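# Architecture at a glance
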Amino acid sequence: MVLVPTSARNAFAALIFLALALPLRAEQRNVSQDWLFHQGDVASASSAAYDDHAWHKVAVPHDWSIASKPDGSAPYDPNTPGGQNSGYLPGGIGWYRRHIAFSAADVSRIVRLNFEAIYMDADIWLNGQHLAQHHYGYTAFSVDLTGKVHAGDNVVAIRVNHADPSSRWYAGSGLIRPVSLDVLNRVHLDPDSIFVRTPEASPALAQVLTHAVVVNDSTQACNIDVVAKIVAANGDVVAQSHQTKSLAAGMKADWDATLSISNPALWSPDSPNLYTLVQDVYVHGAATDERRTRFGARTISVDAVHGLLINGKPVLLRGGNIHHDNYMLGGAGWPDADARKVALMKAAGYNAIRSAHNPASQATLNAADEVGMLVIDEAFDMWNVSKTPMDYARFFKQDWRQDLDSLVISGRNHPSVLFWSIGNEIPEQGTPLGVEIGRKLAERVRALDPSRPITEAISVDTPHIADQFAILDVAGYNYNEPLFVRDHQTYPQRVMLTTESTPKSAFTYRRAAETMPWVIGDFVWTAVDYLGETGIGWMGYSQDWQKLGPYPWHLAYCGEIDATGRKRPAAYYREVIWKTGIDPISMFVQQPAGTEDLPDRHMFTVTQPHTDWSLDDVHPSWTWPGQEGKPLNVVVYSEFPEVEVFLNGKSLGRKAVNVDTEYKATYAVPYRAGRLVAVGYQDGHAAGQWTLRTAGKPASVDVSVDRTQLRANGEDLAYLTITLADDNGTPVYNQEDDRRVSVRVVGAGELAGMGNGKPDDVTSFQSGTWKTFHGRVVAVVRAGLHAGPIAVQVDVDGLPVQQIYLNAVSP
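Parameters at a glance
- Residues numbered from 1 in each chain as written.
- Predicted model: local features only at pLDDT ≥ 70, side-chain atom pairs only at ≥ 80, totals over all residues.
- Heavy atoms only, no water.
- Helix = DSSP H or I, 4+ residues; strand = E, 2+ residues; numbered from the N terminus.
- Rg over C-alpha atoms; globule rule 2.2 N^0.38 Å.
- Areas by Shrake-Rupley, 256 points an atom, 1.4 Å probe, with all protein chains shown as cover.
- Lys, Arg positive; Asp, Glu negative; His and termini not counted.
- Charge placed at Lys NZ, Arg CZ, Asp CG, Glu CD.
- Axes fitted to C-alpha atoms, helices over the stretch in contact; angles between N-to-C directions.
- Left-handed = near helix turned anticlockwise from the far one by under 90°.
- Contact = heavy atoms within 4.5 Å.
- Pairing = 2+ DSSP bridges.
- Polar contact = N/O pair within 3.5 Å; in protein donor to acceptor, adjacent residues only side chain to side chain.
- Buried < 20%, exposed > 50% of the residue type's maximum accessible area, 1.4 Å probe, protein only.
- Phe/Tyr/Trp six-rings, centres within 6.5 Å; stacked < 30°, edge-to-face > 60°.
- Salt bridge = Lys/Arg side-chain N within 4 Å of Asp/Glu carboxyl O.
- Core = buried A, V, L, I, M, F, W, Y, C linked by side-chain atoms within 4.5 Å.
- pLDDT = per-residue confidence, 0-100.
- Expected span 1.5 Å × (residues − 1).
- Arc of directions from axis to C-beta.
- Parallel < 35°, antiparallel > 145°, perpendicular 65-115°, else oblique.
- Nonpolar A, V, L, I, M, F, W, Y, C, P; charged D, E, K, R; others polar.

Scanning the protein from N- to C-terminus turns up ten helices and 46 strands. For 811 residues, the compact-globule formula gives about 28 Å, and the C-alpha radius of gyration of the protein, at 28 Å, lands near that figure. With respect to the principal axes defined by its C-alpha atoms, the protein has extents near 90 × 65 × 50 Å. Accessible surface, the protein as shown: approximately 30600 Å² in total, 50% of it carbon and sulfur. Computing the positive centroid from 68 side-chain charges and the negative centroid from 89, the protein places the two 2 Å apart.

Quick look at the structure:
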C-alpha cells in the first residue's frame, strides 16, 4: 500500500472534494443506435457525400446473416458456400454508415472509436479517409480519430467482407458486438493500459497491484495527480493512494501503485465478490479523467499434486464449451443475451466456460464475474494452416500479435478469466513449427499477464506432441481420457484438463477428475446448443468426416441446454454426477423402438472408433400414444443411494444407485397412461422425487418472462417462454400436439427474435410466428429508446389469447 504522508493529507482531501465537485472530462458515448446498413457491395459508400437515406436503420450489435430476406422469407440457402458449417446461412459483403456530430470542443480532444468485434475483414473510413483495416472477427480494436474529426456532422463508413466459407461454425456477419466512442482529455489514462491483479489474497489481506499509463498529449508539461481508490460493493472506500508526477508535453509514463485490502471479500465461484478500482487524474486540481475497473481479489495456483486451487481451496472444473451465437439473435452479442447464457449454465451446475474457439465478449466476462463462473478465454481455432478456405489463417502471420494482445488486454481484469488458451486443435500441433509458434504466443501472453496459466486444446497423440505440451502450464486434452494415466507416468508434473469431451462420456471424464489429482476437470462439447455444424449431436459426422446434417438442419443439436435455454436430459444427468443438489433425482423415457423424435438419426454408417457427440435419445415425457402395453425403457438419474419407481401408485421395485451404476437406475415399464414417479431415498427415507404425467391435448398456454422492466436504451432484452399445457396443467410434450404461436409487440419495444430450438425448422427468426417444439417456443423483446409500456400479445392456435405487459423506463 502507498502511504500518504501526514503533510499531504489536506491536499489529498481537497482532491477528493474536487473529484466530486468538478465534471470529469473523459466521456464514453454510446453509439449503438442509428447505424445505417446496406447488404451488398457499393462502390462509393466510403465517401462522406454518399446518399445513404435509403439504407436500413439498425442498432448494433447487428448480424445481417440472420435477417429475413426483403420478402420476409428466412435467410437460409442450401447452396451457400458455408453450407453445413454455417447452418446454411450466408456471409457476403455489407456496409455500415454512422453520422456522428462533434462539437468544436470535441475536435481538440482525444477521440477513439471502439469496436468490440466485427465479423470479419473490415475496412473503416472517416469522412472518406481510409483509417483502418481489421481482419479477425472476434477481437476488440480501436480506431484513433484524433485530429481527423471536425465540428458538425462526421461520417464513419465500414465495409465488412465475410468471405465464405470462413468458419467451422456459424459466425454471423457485421458489427456483432458493441461499439462505443471515447472522447478524452489530452491528459488521460490510456484505457488499454489498466491492469489490476492480486498476487496475494487471503481472508486476512489482499495485495492489489495496479498499473496504468498516463498520457500527456497536451502542448505543455503538467504536474499530474493520480488518486486511486478501491471501492467495495457497498460503496465503502477500503484502500486508496495518491501520487504526483511531472510529465513533459507529448510524453507518457507508467503509473504503478500497490494497495492493500484488510479482511477482503474474496472472489470465487461460490462467492463472486467484486471491488472497483477508481483512478482519477487531476491537472492543477481539475479532473481530466476517471477510470473505473471492476476486479476480484483471488489467487490461482495449479500443480499435478494439489490440482487447481482458488484462494488455496481445491476446485474441480465443471465445464462447458460454448460458441458465441445467440440462436434467434444470430451472432449479435447483445449483452443481455450473452449474460443469459452464462446464467443458464450457472443454474445448471456448471462452474466454468470455455469460449470456443475465440475471445469471449465483454458481456460474457462481466456476467461470469458477477455470478461466479470461471472462463478459459481462447484466442484462435487456427494458426497458419486453414481449416476452411477463407478463415483467419489468411491473416494469422501478420495479425496474431495484435489479436492476442486484444484477447489479454480486454480480459485480464476479469476475475472470472482462469486460463488463457492459445489455440484449439491447431493443425500444426506437435510439429516443430507448431511448437515454435506456440512458444511465441505463450511468451507474449505471459508478458502481458504473468498471473494466469496458459493452456491449449490438443487433439492428437503424435511422437512429438510432448514438445507442444511442454510450452503450456495446463495441458488441454480433447477426447483423450485414456491417455491420462499413461502420460502421468511419463510426465508426473503435467497438469491435465479435458478441454473437450462428449455428453455420453460424462461419467468417465468426471471420475478421472475425481480420482486423479493431476486432472482438474472437463469441458463438455457443448453446454449450450448453437447454429452451424448441423446435426453433429444427432446424425453426427460421416465416416470420412466430410458430411453433417443436410439442409434444413441448421443447429448442431449437441447442447446439453437447448438453443432456447431448456435443459435437456444430459444436463440433468450432469447435475447428478457433479452432486450439485439442484435436481438430485430426475427421470426420462427412451424414444420407443420404431419411432423417431427427429429424422435421420442413422443417416451415416460409421465404423468405430468414431467420435459421437450425440445425446441419449431420452425424453421428460410419459405421453406415448400407440405404445400401450409395450415396455418402455426408463432411466433414473439420482444422487440418492436408492430409488424406487411407481406407475399409477404401484411400485416397480427399489434399486441401488451409486458410482458402480454410474448414478443411474433403469427400468422396463409397460406403458400405461397416468403417472410415473421416481422416489429417491436417503438413509431409508424418501428424500426427493420426480414425476412424469400423461398429458392431454393443449388447453392452456403459460407465458413466463425473465424480467418485466427494461431500460429504454435500445439494448435491454426480455425473454418470453411460451409453453403449452393440458387442462390439468401438465406440460404438453408430444410433437403431434404442437401448435402455431404468433407474437406481436406494440409500444416501447419490438420483437427481436423468436425460435423453438428444433434443429430443422427454418422459419425466419423475425417472422413472429413459429410452431412450438415439444410444447415450447421462446420470443425476445428488445426495448426501444423511449420510456413507456410494452404490450406483448401471444396468440396460440385454438387457445385464448394471452397479453403480457412490460415496462421500459428511462435509463
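One way to put it is that helix H5 (residues 396-411) packs onto helix H6 (residues 432-448) with a least axis distance of 10 Å and a crossing angle of 35°. As H5 runs across H6, the sense of the crossing is right-handed. Residues Phe 396, Trp 400, Arg 401, Leu 404, Asp 405 and Val 408 of H5 form the contact with H6, whose participating residues are Ile 437, Lys 440, Leu 441, Arg 444, Val 445 and Leu 448.

Attention now moves to the sheet that holds strand S19 (residues 300-303). One open sheet holds the three strands; their spatial order is S19-S20-S21, and the pairing between them is antiparallel. Since the sheet does not close on itself, it has two edges, and those belong to S19 and strand S21 (313-314), each with one partner. Where S19 meets strand S20 (residues 307-310), four bridges bridge the pair, whose relative direction is antiparallel. Residue pairing for S20: Ser 301 is matched across the bridge by Leu 309.

This paragraph deals with the side chain of His 357. Looking at the element boundaries, His 357 is found in the loop between strand S23 (352-355) and helix H4 (362-371). A distance of 2.8 Å separates the side chain of His 357 from the side chain of Glu 378, its partner in a polar contact. For His 357, the side chain forms a polar contact with the side chain of Asn 424, separated by 3.3 Å. Apart from the residues lying within four places of it in its own chain, the contact partners of His 357 are Tyr 136, Arg 168, Trp 169, His 323, Glu 378, Ala 379, Phe 380, Asp 381, Asn 424, Glu 500 and Trp 525.

So, on to helix H10 (residues 569-577). The element H10 is extensively covered by neighbouring structure, given that nine of its nine residues are classed as buried. Taken residue by residue, H10 has Pro 569, Ala 570, Ala 571, Tyr 572, Tyr 573, Arg 574, Glu 575, Val 576 and Ile 577 as its buried positions. In the segment just after H10, Lys 579 is the residue with positive phi, at about 55°.

On to the packing of aromatic side chains. Tallying each qualifying case throughout the model produces 36 aromatic pairs. Judged by centre distance (6.5 Å) and plane angle (45°), the ring pair of Trp 64 and Tyr 96 falls under tilted. A residue pair is termed long-range when its members are at least 10 positions apart, and Trp 64 in the loop between strand S3 (56-58) and strand S4 (92-102) and Tyr 96 in strand S4 qualify at 32 residues. Across the pair, Tyr 96 and Trp 64 agree in class, each one buried. On the numbers, 5.0 Å between centres and 80° between planes, the contact of Tyr 350 with Trp 578 is edge-to-face. Taken together, the residues span a long stretch of sequence, with Tyr 350 in the loop between helix H3 (335-347) and S23 and Trp 578 in the loop between H10 and strand S30 (585-590) at a distance of 228 residues.

Taken as a whole and judged by the stated rule, the model has 43 salt bridges. Measuring nitrogen to oxygen at the nearest pair gives 2.9 Å for the salt bridge that ties Asp 217 to Arg 186. Highlighted residues: Asp 217 in the loop between strand S13 (205-216) and strand S14 (222-231) and Arg 186 in the loop between strand S10 (179-184) and strand S11 (187-189), separated in sequence by 31 residues. Classification of Asp 217 as partly exposed rests on a relative accessible area of 32%. The class of Arg 186 is partly exposed, set by a relative accessible area of 25%.

Strand order in the open sheet formed by six strands is S3-S2-S4-S9-S6-S7, with antiparallel pairing between adjacent strands. Edge positions in the sheet fall to S3 and strand S7 (129-134), since each has one partner strand and no second. Shown here is a sheet whose adjacent strand axes are inclined to one another by a mean of 25°, direction ignored. As paired strands, strand S6 (residues 122-126) and S7 are joined by five bridges and run antiparallel to one another.

Our focus in this paragraph is the pairing of S13. When S11 meets S13, the two strands line up antiparallel, connected through three bridges. Bridge pairing in S13 links Leu 189 to Val 214. Of the strand pairs in this sheet, strand S12 (residues 195-201) and S13 are connected by five bridges, and their pairing is antiparallel. Directly across from Val 196, in S13, lies its bridge partner Thr 210. Taking the residues between adjacent antiparallel strands as the criterion, S12 and S13 are bridged by three residues.

With respect to the helices and strands, Ser 764 occurs in the loop between strand S42 (749-755) and strand S43 (769-771). At 2.3 Å, the side chain of Ser 764 forms a polar contact with the side chain of Ser 68. Setting aside anything within four residues of it in sequence, one finds Ser 764 in contact with Ser 68, Gly 72, Ser 73, Ala 74 and Trp 770.

Moving on, we get to the nonpolar core. One recurring pattern in soluble globular proteins is that nonpolar side chains are buried together. Core analysis: the largest hydrophobic core is formed by 126 residues, its most contacted members being Leu 317, Phe 380 and Trp 622. Discounting chain neighbours no more than four positions away, the residues touching Phe 380 are Tyr 136, His 357, Tyr 392, Phe 396, Trp 400, Asp 403, Leu 404, Ile 422, Gly 423, Asn 424, Ile 426 and Leu 441. Counting 48 residues, the second largest nonpolar core, distinct from the first, contains Tyr 170, Val 743, Val 780 and Val 781.

Below, the discussion takes up the environment of Ala 101. Assignment of secondary structure puts Ala 101 in strand S4. Ala 101 gets classed as exposed once you look at its relative accessible area, which sits at 58%. Those residues in contact with Ala 101 that sit more than four places away from it in its chain are Arg 29 and Gly 152.

Of the consecutive residues Tyr 119 and Met 120, the connecting peptide bond is found in the cis state with omega at -15°. Looking at the element boundaries, Met 120 is found in the loop between strand S5 (110-115) and S6. Geometrically, the link from Gln 608 to Pro 609 is a cis peptide bond, its omega value of 0° lying close to zero. The backbone of Tyr 88 sits at a positive phi, close to 60°, despite the residue not being glycine. Here Tyr 88 is to be found in the loop between S3 and S4. Residue class for Tyr 88 comes out buried when judged on its relative accessible area of 8%. At Glu 425, a residue that is not glycine, the phi angle is positive and equals roughly 45°.

Let's shift gears to the confidence of the model for the protein. Mean pLDDT over the protein: 96, with 97% of residues reaching 70 or higher. pLDDT under 50 marks residues 1-24. Its contacts with residues more than four places away, or in other chains, come to 33 contacts.

A few words on the environment of Leu 751. Relative to the helices and strands, Leu 751 resides in strand S42. Considered as a pair, Leu 751 and Pro 432 are 319 residues apart in the sequence and their alpha carbons are 52 Å apart. With near-sequence residues (within four places) excluded, Leu 751 lies in contact with Val 743, Val 745, Gly 768, Ala 779 and Val 780.

Moving on, we get to H6. For an α-helix the count is 3.6 residues per turn, leaving residues at separations of three or four pointing the same way. Here H6 spans 25 Å end to end across 17 residues, near enough to the 24 Å set by a 1.5 Å rise per residue. The set of residues buried in H6 consists of Gly 434, Val 435, Ile 437, Gly 438, Leu 441, Ala 442, Val 445 and Leu 448. Taken around the axis of H6, the buried residues stretch over an arc of 165°, which confines them to a single face. Away from its buried face, by an angle of more than 90 degrees, H6 presents the exposed residues Pro 432 and Ala 447.

Our next topic: the packing of H3 against H4. Running from N to C, H3 and H4 point in directions that differ by 40°, and their axes come no closer than 8 Å. By the angle between their directions, the pair H3 and H4 is classed as oblique. H3 and H4 meet at a crossing whose hand is right-handed. Residues Pro 335, Asp 338, Ala 339, Val 342 and Lys 346 of H3 pack against Ala 363, Thr 364, Ala 367, Ala 368 and Val 371 of H4. Residue classes in the contact of H3 with H4 are distributed as seven nonpolar, one polar and two charged.

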